[in-house]
Amino acid sequence: MSANKEQLYHSFQQVFNTWYNSLCNYACSFLKDRDTSEDIVQEVFVRIWEDRPQIIGTEGVRYYLFTAVRNNCISRLRKEKRQIILTLDERMAEPVPERREDPDYRALVRIAIDELPPRCREVFLLSRFSKMTYKDIARSLDISEKTVENQLGKALKLIRAFLKGKGVYIAWALVNIFI
């Protein structure tokens, strides 16, 4: 291995070790599946190594990584959504027995999160699932900490309103249990 290639490999290892877990948590905040999240993050790193090695030692690598992971997660979700719609269309012909059960609070909270505006949802997921600080979120999304604070407040307000509209009155502390 040449000295240049060895230095590139060492830089790549540093980037991988620094960002892998955060990127997996970030992807998992979208996908809710750890294995799929890890697959996406690994695909992004492979793509960088094969197609974009010049970005490895730059300041923009973090932005590139988070953007690529987010975009791949969105693509995966769209693909899954199309598959679900096809499955639902097939099942529309089947009669559905009528059942009355207690509301599934987890499902309602997830629906509320899914209906948030994109930036709001992204900030909320980074805060709640990736356990990132306002400062880390601001850095990764290239926005101010005040914007992070505002978007998180907006997300919480919208989730509460959604749940209230569904007749669900639970303490906000309990919502975290249902996420």
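Let us look at the structure shown here. (Residues numbered from 1 in each chain as written. Predicted model: local features only at pLDDT ≥ 70, side-chain atom pairs only at ≥ 80, totals over all residues. Heavy atoms only, no water.)

This paragraph deals with the packing of helix α1 (residues 3-31) against helix α5 (residues 118-128). Between α1 and α5, the shortest axis-to-axis distance is 9 Å and the interhelical angle comes to 120 degrees. Relative to α5, the element α1 is oriented oblique. Crossing geometry of α1 relative to α5 is assigned as right-handed. Note on element contacts: α5 touches α1 through Glu122, Leu125 and Leu126, opposite Tyr26, Ser29 and Phe30. A breakdown of the residues in the contact of α1 with α5 according to their chemical character gives four nonpolar, one polar and one charged. (Axes fitted to C-alpha atoms, helices over the stretch in contact; angles between N-to-C directions. Helix = DSSP H or I, 4+ residues; strand = E, 2+ residues; numbered from the N terminus. Parallel < 35°, antiparallel > 145°, perpendicular 65-115°, else oblique. Left-handed = near helix turned anticlockwise from the far one by under 90°. Contact = heavy atoms within 4.5 Å. Nonpolar A, V, L, I, M, F, W, Y, C, P; charged D, E, K, R; others polar.)

Moving on, we get to the packing of α5 against helix α6 (residues 134-141). It is the contact of α5 with α6, at a shortest axis distance of 10 Å, that shows an interaxial angle of 135 degrees. When the interaxial angle is binned, α5 and α6 end up oblique. You can see that α5 and α6 cross each other, and the crossing is right-handed. Together, Arg119, Glu122, Val123, Leu126 and Ser127 of α5 and Ile137, Ser140 and Leu141 of α6 make up the contact between the two elements. Of the residues belonging to the contact of α5 with α6, the class tally is four nonpolar, two polar and two charged.

Here we come to the nonpolar core. Ranked by size, the top nonpolar core spans 44 residues in total, and within it Val41, Phe45, Leu65, Val69 and Phe124 carry the most contacts. Per-element tally for this core: the top contributor is α1, with nine residues. When residues no more than four places from it in sequence are discounted, the contact partners of Val69 are Leu23, Tyr26, Ala27, Ile40, Val41 and Val44. (Core = buried A, V, L, I, M, F, W, Y, C linked by side-chain atoms within 4.5 Å. Buried < 20%, exposed > 50% of the residue type's maximum accessible area, 1.4 Å probe, protein only.)

Turning to α1, a few remarks are in order. Here α1 spans 39 Å end to end across 29 residues, near enough to the 42 Å set by a 1.5 Å rise per residue. Its maximal kink placed at Trp19, α1 deviates by approximately 45 degrees. Of all the positions in α1, only Ser11, Phe12, Val15, Tyr20, Leu23, Cys24, Tyr26, Ala27, Ser29, Phe30 and Leu31 are classed as buried. Two residues or fewer after α1 comes Lys32, characterised by a positive phi angle close to 60 degrees. (Expected span 1.5 Å × (residues − 1). Bend = angle between axes of the 7 residues up to and from the residue.)

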